[in-house]
Amino acid sequence: MSGLFDFVKTIGRKIFGEGEADPSAKIKAEIEKANPGIKDLGVSFKDGAVSLTGSGPVEALQKAILMAGNIMGVSEVKVDGAQVAAIDDGTQYYIIKSGDTLSAIAKQFYGDANTYPKIFEANREVIKDANLIFPGQKIRIPKA
């Protein structure tokens with residue numbers, strides 16, 4: 001999996017301030033705290049862009065991308081240096097809009113609002129409470 005993923009720089013979890021001495025280390029610590037399964041995780045941060053390196057399952061990299069991208073101050077995540085076991089597993093990404101609920105998103109993607117726990121579980125690292133999602137947040141929509 002390689003590429004560039006865009007995020008909204010002005011929203012997300014605030015973990016560091018302007019002029020932070022080493023934001024890369026804080027971002028890496030946030031990702032490792034949730035332990036998505038990336039081996040030899042490398043994180044660099046410059047001018048709003050995070051670059052991730054490491055290896056592991058595609059789901060682990062997807063989660064790391066979202067954890068990094070949903071941090072306030074991050075506008076893009078690059079994964080050109082990451083190695084994953086599978087390239088495309090059918091996962092889609094969705095940017096939450098005002099008024100969205102996980103049930104409504106599940107209805108849109110799966111045709112059944114009651115399948116929202118599948119989306120919640122796929123995004124546990126960035127959504128701590130199924131009732132607390134916010135506009136601009138980017139989430140994974142696993143294959144049905």
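These figures come from a predicted structure and were not determined experimentally. (Residues numbered from 1 in each chain as written. Predicted model: local features only at pLDDT ≥ 70, side-chain atom pairs only at ≥ 80, totals over all residues. Heavy atoms only, no water.)

Focus on the confidence of the model for the protein
Step number 1: For the protein, mean pLDDT is 87; residues scoring 70 or higher make up 92% of the total.
Step number 2: Mean pLDDT per element in the protein: strand β1 (residues 4–6) is the minimum at 78, and helix α3 (residues 102–110) is the maximum at 97. (pLDDT = per-residue confidence, 0-100. Helix = DSSP H or I, 4+ residues; strand = E, 2+ residues; numbered from the N terminus.)

Focus: the pattern of salt bridges
Step number 1: One pass over the full model with this rule turns up six salt bridges.
Step number 2: Of the charged contacts in the structure, one is a salt bridge between Lys78 and Glu76, with a shortest N-O distance of 3.7 Å.
Step number 3: Connected via shared salt-bridge partners are Arg13, Glu30 and Lys33. (Salt bridge = Lys/Arg side-chain N within 4 Å of Asp/Glu carboxyl O.)

Regarding the side chain of Glu30
Step number 1: Relative to the helices and strands, Glu30 is located in helix α1 (residues 23–34).
Step number 2: Assessed through its relative accessible area of 17%, Glu30 is described here as buried.
Step number 3: Those residues in contact with Glu30 that sit more than four places away from it in its chain are Arg13, Ile15 and Met67. (Buried < 20%, exposed > 50% of the residue type's maximum accessible area, 1.4 Å probe, protein only. Contact = heavy atoms within 4.5 Å.)

Here's the deal with the pairing of strand β3 (residues 49–56)
Step number 1: Examined bridge by bridge, strand β2 (residues 39–46) and β3 share six bridges and lie antiparallel to one another. In the sheet register, Val43 faces β3, and the bridge partner there is Leu52.
Step number 2: Linking two consecutive strands that pair antiparallel, namely β2 and β3, is a turn of two residues; a positive phi of about 50 degrees is found at Asp47 within it. (Pairing = 2+ DSSP bridges.)

So, the environment of Glu30
Step number 1: Expressed as a C-alpha distance, the spacing of Glu30 and Glu125, which sit 95 residues apart in the sequence, is 9.6 Å.
Step number 2: One polar contact links Glu30 to Arg13, side chain to side chain, over a distance of 2.5 Å.
Step number 3: Only 3.2 Å separates the side chain of Glu30 from the side chain of Lys33, close enough to count as a polar contact. (Polar contact = N/O pair within 3.5 Å; in protein donor to acceptor, adjacent residues only side chain to side chain.)

Some points on the nonpolar core
Step number 1: Of all hydrophobic cores here, the largest spans 36 residues; its most connected members are Ile27, Ile31, Leu52, Val77, Ile105 and Ile139.
Step number 2: Every element with two or more residues in this core is listed here: α1, β2, β3, α2 (58–69), β4 (76–84), α3, α4 (116–122) and β6 (138–141).
Step number 3: If you tally residues by element for this core, the top one is α2, at seven residues.
Step number 4: Filtering out sequence-adjacent residues up to four positions away, Ile27 remains in contact with Ile15, Phe16, Val43, Phe45, Val50, Ala68, Ile71 and Val74. (Core = buried A, V, L, I, M, F, W, Y, C linked by side-chain atoms within 4.5 Å.)

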